[in-house]
Amino acid sequence: MSYCVNCGVELSKELKSCPLCHTPVYHPEKKQEMEAAVPVFPRERGEVDVVGNDVAVLFSVVLISTCLACGALNLLIFHSTLWSVYVIGACGVLWVASLPLILVKKPHILLALLADGMAVSLYCALISWFHPGKGWFLEVALPVVWLCVVFIVFFAGVAKKMKPSILAKASLLFAEAGIFTILAELVLNRHFAGRLYLSWSAVTGICCGVIVAVLVTIIRRSGLREEVRRRMHI
């Protein structure tokens, strides 16, 4: 004997809805049989094919095609200057920087950054071959590129050992940004003006220092830290 769950009227077994209030009839035994016949979750475990190699091949084909097309245009039509060399060099830098991220699930950060630094340095050397200038490659390009590499490697190494705190990582990032801008301007001023002095980097350094001081204060004061995390959902 079954009854309607809505109005309580007695129902016969063949009814699919209540004749009085039209509420669908619920049969627990039939539902269990249906769930047993059609499982909710698949019983066979499927696997998705890894597409890392395919993406790497596609990315390489795009870069190689770009290099060949620009080289052909440079040789056959626009041959006043060797502009295609810069495009080919930029494609090489992109290839070196992107390929480890595509092929390797957990690439070694240090090796990847060193390879990126070498690729950018070689690209700058290529430019300096056509535009030697006044020693800008050795006095400006190499110091700035490897300063950037060193700071990124240091940030990646320290952030990896830090607790998963966005505030701590942000304070380290702003501290490095302030120091990097000061060192970069010193390198530029030494090359172009022949002396060491600070101008615009002093402003950015002070701004970064203020931000770092605020972040460190928030981190050290538990009340402020919890309030920021609650309001910013971090």
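Computed from a prediction, not measured in an experiment: that's the story for all the values here. (Residues numbered from 1 in each chain as written. Predicted model: local features only at pLDDT ≥ 70, side-chain atom pairs only at ≥ 80, totals over all residues. Heavy atoms only, no water.)

(A) Molecular detail of the overall build of the protein. The secondary structure content of the protein amounts to eight helices and two strands. Listed N to C, the secondary structure of the protein is β-β-α-α-α-α-α-α-α-α in terms of helices and strands. The 234 residues of the protein split such that 23% are buried. A separation threshold of at least 6 residues defines the contact pool for the protein, and within that pool the share at least 24 residues apart is 47%. Carbon and sulfur atoms make up 69% of the accessible area of the protein, which amounts to about 17,200 Å² in all. (Helix = DSSP H or I, 4+ residues; strand = E, 2+ residues; numbered from the N terminus. Buried < 20%, exposed > 50% of the residue type's maximum accessible area, 1.4 Å probe, protein only. Contact = heavy atoms within 4.5 Å. Areas by Shrake-Rupley, 256 points an atom, 1.4 Å probe, with all protein chains shown as cover.)

(B) Layout of the environment of Leu-224. By the element assignment, Leu-224 lies in helix α8 (residues 222–232). With sequence-adjacent residues up to four places away left out, Leu-224 is seen in contact with Thr-217 and Ile-218.

(C) Region of interest: the side chain of Ser-201. As for its position among the elements, Ser-201 is in helix α7 (residues 200–220). A relative accessible area of 0% means that Ser-201 is categorised as buried. Excluding its chain neighbours within four sequence positions, the residues that come into contact with Ser-201 are Thr-181, Ile-182 and Glu-185.

(D) Representation of the packing of aromatic side chains. Counted under the stated rule, the structure contains three aromatic pairs. Look at Tyr-86 and Phe-130: their rings are 6.0 Å apart centre to centre, the planes differ by 65 degrees, and that puts the pair in the edge-to-face class. In this pair, Tyr-86 is assigned in helix α3 (residues 84–103) and Phe-130 in helix α4 (residues 109–130), connecting sequence segments 44 residues apart. Given the relative accessible area of 32%, Phe-130 is considered partly exposed. With a centroid separation of 6.4 Å and an interplanar angle of 85 degrees, the aromatic rings of Trp-136 and Phe-137 are classed as edge-to-face. Positioned above the aromatic ring of Tyr-197 is the side chain of Arg-195, whose terminal nitrogen or guanidinium carbon lies 4.3 Å from the ring centre. (Phe/Tyr/Trp six-rings, centres within 6.5 Å; stacked < 30°, edge-to-face > 60°. Lys NZ or Arg CZ within 6 Å of the ring centre and 35° of its normal.)

(E) Expanded view of the packing of helix α5 (residues 136–161) against helix α6 (residues 166–192). The interhelical angle for the contact between α5 and α6, taken along N-to-C directions, is 170 degrees, at an axis separation of 10 Å. Classified by the angle between their axes, α5 and α6 sit roughly antiparallel to one another. On α6, the residues that touch Trp-136, Glu-139, Val-140, Pro-143, Val-144, Leu-147, Cys-148, Phe-151, Phe-154, Phe-155, Val-158 and Ala-159 of α5 are Lys-169, Leu-172, Leu-173, Glu-176, Ile-179, Phe-180, Leu-183, Val-187, Leu-188, His-191 and Phe-192. Tallied by class, residues from the contact of α5 with α6 come to 19 nonpolar, one polar and three charged. (Axes fitted to C-alpha atoms, helices over the stretch in contact; angles between N-to-C directions. Parallel < 35°, antiparallel > 145°, perpendicular 65-115°, else oblique. Nonpolar A, V, L, I, M, F, W, Y, C, P; charged D, E, K, R; others polar.)

(F) Region of the structure containing the packing of α4 against α5. α5 packs onto α4 with a crossing angle of 165 degrees between their chain directions and a minimal axis gap of 10 Å. With respect to each other, α4 and α5 are oriented roughly antiparallel. As α4 packs across α5, the resulting crossing turns out to be right-handed. Where α4 approaches α5, its residues Ile-109, Leu-110, Leu-113, Leu-114, Gly-117, Met-118, Val-120, Ser-121, Cys-124, Ala-125, Ile-127 and Ser-128 are matched on the opposing element by Trp-136, Phe-137, Ala-141, Leu-142, Val-145, Trp-146, Val-149, Ile-152, Val-153 and Ala-156. (Left-handed = near helix turned anticlockwise from the far one by under 90°.)

(G) Summary view of the side chain of Thr-23. Mapped onto the elements, Thr-23 comes out in the loop between β2 (10–11) and α1 (28–37). Once residues within four sequence positions are removed from consideration, Thr-23 is found in contact with Cys-4, Val-5, Asn-6, Ser-17 and Cys-18.

(H) Focus on the environment of Val-145. Within the secondary structure, Val-145 sits in helix α5. Overall, Val-145 belongs to the buried group, its relative accessible area being 15%. Sequence spacing of Val-145 and Gly-117 is 28 residues, and the spatial spacing of their C-alpha atoms is 6.6 Å. Apart from the residues lying within four places of it in its own chain, the contact partners of Val-145 are Gly-117, Val-120, Ser-121 and Cys-124.

(I) Up close: α6. Here α6 is 27 residues long and its end C-alpha atoms lie 38 Å apart, about the 39 Å a rise of 1.5 Å per residue gives. Among the residues making up α6, those that are buried are Leu-167, Ala-168, Ser-171, Leu-172, Glu-176, Gly-178, Thr-181, Ala-184, Glu-185, Val-187, Asn-189 and His-191. Looking at the buried side of α6, the elements it contacts are α5, α7 and α8. Gly-194 lies just past α6 and shows a positive phi near 80 degrees. (Expected span 1.5 Å × (residues − 1).)

(J) Fine view of α4. The end-to-end C-alpha distance of α4 is 32 Å, a good match for the 32 Å that 22 residues give at a rise of 1.5 Å each. Among the residues of α4, those classed as buried are Ala-112, Leu-113, Gly-117, Ala-119, Ser-121, Cys-124 and Ser-128. Those residues of α4 hidden inside the fold are in contact with α3 and α5.

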